[in-house]
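So the chains spell out like this:
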Amino acid sequence: MDFYKRASIVCQNIPYGTVVTYGQIALLCQKPKNSRQVGYALRTGKLGPNIPAHRILNASGILSGATSFETYDQQKILLESEGVTVIRTDKGWKTDLKKYQWKTTLDDALYFESVFKQNNI
DNA sequence: CGCAGGGCTCTAT
DNA sequence: GATAGAGCCCTGC
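Predicted, not measured: the structure shown is a model, and the values here were computed from it.

**Q** How do you make sense of the overall build of chain A when you look at a structure like this?
**A** Secondary structure summary: chain A contains 6 helices and 4 strands in total. Along chain A, from the amino end to the carboxyl end, the secondary structure elements read α-β-α-α-β-α-β-β-α-α. For a compact globule of 121 residues, the expected C-alpha radius of gyration is about 14 Å, and chain A comes in at 14 Å, within 12% of that figure. In terms of overall dimensions, chain A has a C-alpha envelope of 40 × 30 × 25 Å along the principal axes. Put simply, chain A has 121 residues, and 42% of those count as buried.

**Q** How should I be thinking about the pattern of salt bridges in this particular structure?
**A** A side chain of one charge can pair with a side chain of the opposite charge when the charged atoms of the two come close. The final tally for this structure, using the stated rule, is 2 salt bridges. When the shortest N-O distance is used, the salt bridge between R55 and E82 registers 2.8 Å. Taken together, the residues R55 in the loop between α3 (35-43) and β2 (56-57) and E82 in the loop between α4 (74-81) and β3 (86-89) connect sequence positions 27 residues apart. Each member of the pair, R55 together with E82, is buried.

**Q** Just to check I follow, could you spell out the protein's contact with DNA strand B for this structure?
**A** By nearness alone, 16 residues border DNA strand B, and Y22, R36, R43, A59 and S68 come closest of all. Those atoms of DNA strand B that come within 4 Å of the protein belong to sugar or phosphate at a rate of 49%. Here a phosphate oxygen of DNA strand B sits 3.3 Å away from a polar atom, N or O, in the main chain of G23. In the model, a sugar or linking oxygen of DNA strand B is placed 3.5 Å from a nitrogen or oxygen of the S64 side chain.

**Q** Help me out: how do you make sense of helix α1 (residues 3-11) in this one?
**A** Every α-helix carries 3.6 residues per turn, so stepping three or four residues along brings you back to the same face. The complete set of buried residues in α1 reads F3, R6, A7, S8, V10 and C11. Residues of α1 that are buried make contact with α2 (22-28), α3, β2 and α6 (106-118). Two or three places before Y4, at the opening of α1, D2 has a side-chain oxygen 3.0 Å from that residue's backbone nitrogen.

**Q** Looking at this model, I keep getting lost on the protein's contact with DNA strand C. Mind explaining?
**A** The immediate surroundings of DNA strand C are formed by Y4, K33, N34, R36, Q37, Y40 and K46. Looking at DNA strand C alone, sugar and phosphate atoms form 85% of those within 4 Å of the protein. A distance of 3.1 Å separates a sugar or linking oxygen of DNA strand C from a polar atom in the side chain of Y4. One of the side-chain N or O atoms of Y40 is found 2.9 Å from a sugar or linking oxygen in DNA strand C. By residue number, the principal contributor to the surface near DNA strand C is α3, which donates 3 residues. Tallied by class, residues from the surface near DNA strand C come to 2 nonpolar, 2 polar and 3 charged.

**Q** It is not clear to me how the pairing of β3 should be interpreted in this structure. Could you clarify?
**A** On a regular strand, one side chain projects to one face of the sheet and the next to the other, so that they alternate. Judged from the 4 bridges that link them, β3 and strand β4 (residues 92-95) form a sheet pairing that is antiparallel. Residue pairing in the sheet places R88 in a bridge with W93 of β4. Connecting β3 to the antiparallel partner β4 that follows it, the hairpin turn spans 2 residues.

Conventions and cut-offs
- Residues numbered from 1 in each chain as written.
- Chains lettered and ligands numbered in written order.
- Predicted model: local features only at pLDDT ≥ 70, side-chain atom pairs only at ≥ 80, totals over all residues.
- Heavy atoms only, no water.
- Helix = DSSP H or I, 4+ residues; strand = E, 2+ residues; numbered from the N terminus.
- Rg over C-alpha atoms; globule rule 2.2 N^0.38 Å.
- Buried < 20%, exposed > 50% of the residue type's maximum accessible area, 1.4 Å probe, protein only.
- Salt bridge = Lys/Arg side-chain N within 4 Å of Asp/Glu carboxyl O.
- Near = heavy atom within 4 Å.
- Polar contact = N/O pair within 3.5 Å; in protein donor to acceptor, adjacent residues only side chain to side chain.
- Contact = heavy atoms within 4.5 Å.
- Nonpolar A, V, L, I, M, F, W, Y, C, P; charged D, E, K, R; others polar.
- Pairing = 2+ DSSP bridges.

Written out as structure tokens, the structure is:
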């Protein structure tokens, strides 16, 4: 199986106006322990182009990857353009996970699982 | 082959 | 919350 391809598919299915955590991505790829690898993959572009990386945050709702965007506030701007409120904290940009986190269900997990199986990844 | 480090998380205190 | 410690997994040197 190819973790990067899986992560890529999952990322491209993140609904408009929602955010997810690295851990969720890893979970949907059937690799709960790979949260850190997700961040790595995003930073190095291993997931390919057209990845809405701005919708991916750490477990605290903080835009930990903001520094990897063109400008420090690029990620914030993209999120706000989708209707996600981003606030400034001493830790960095932050969103309200309670409101905007993509709530994945078992059905979602099963759906991705079948897609992975179909594409043999 | 070892080692450090990276957009992380979870549990415990 | 804040802090600390321990996993986990890849890549690059």
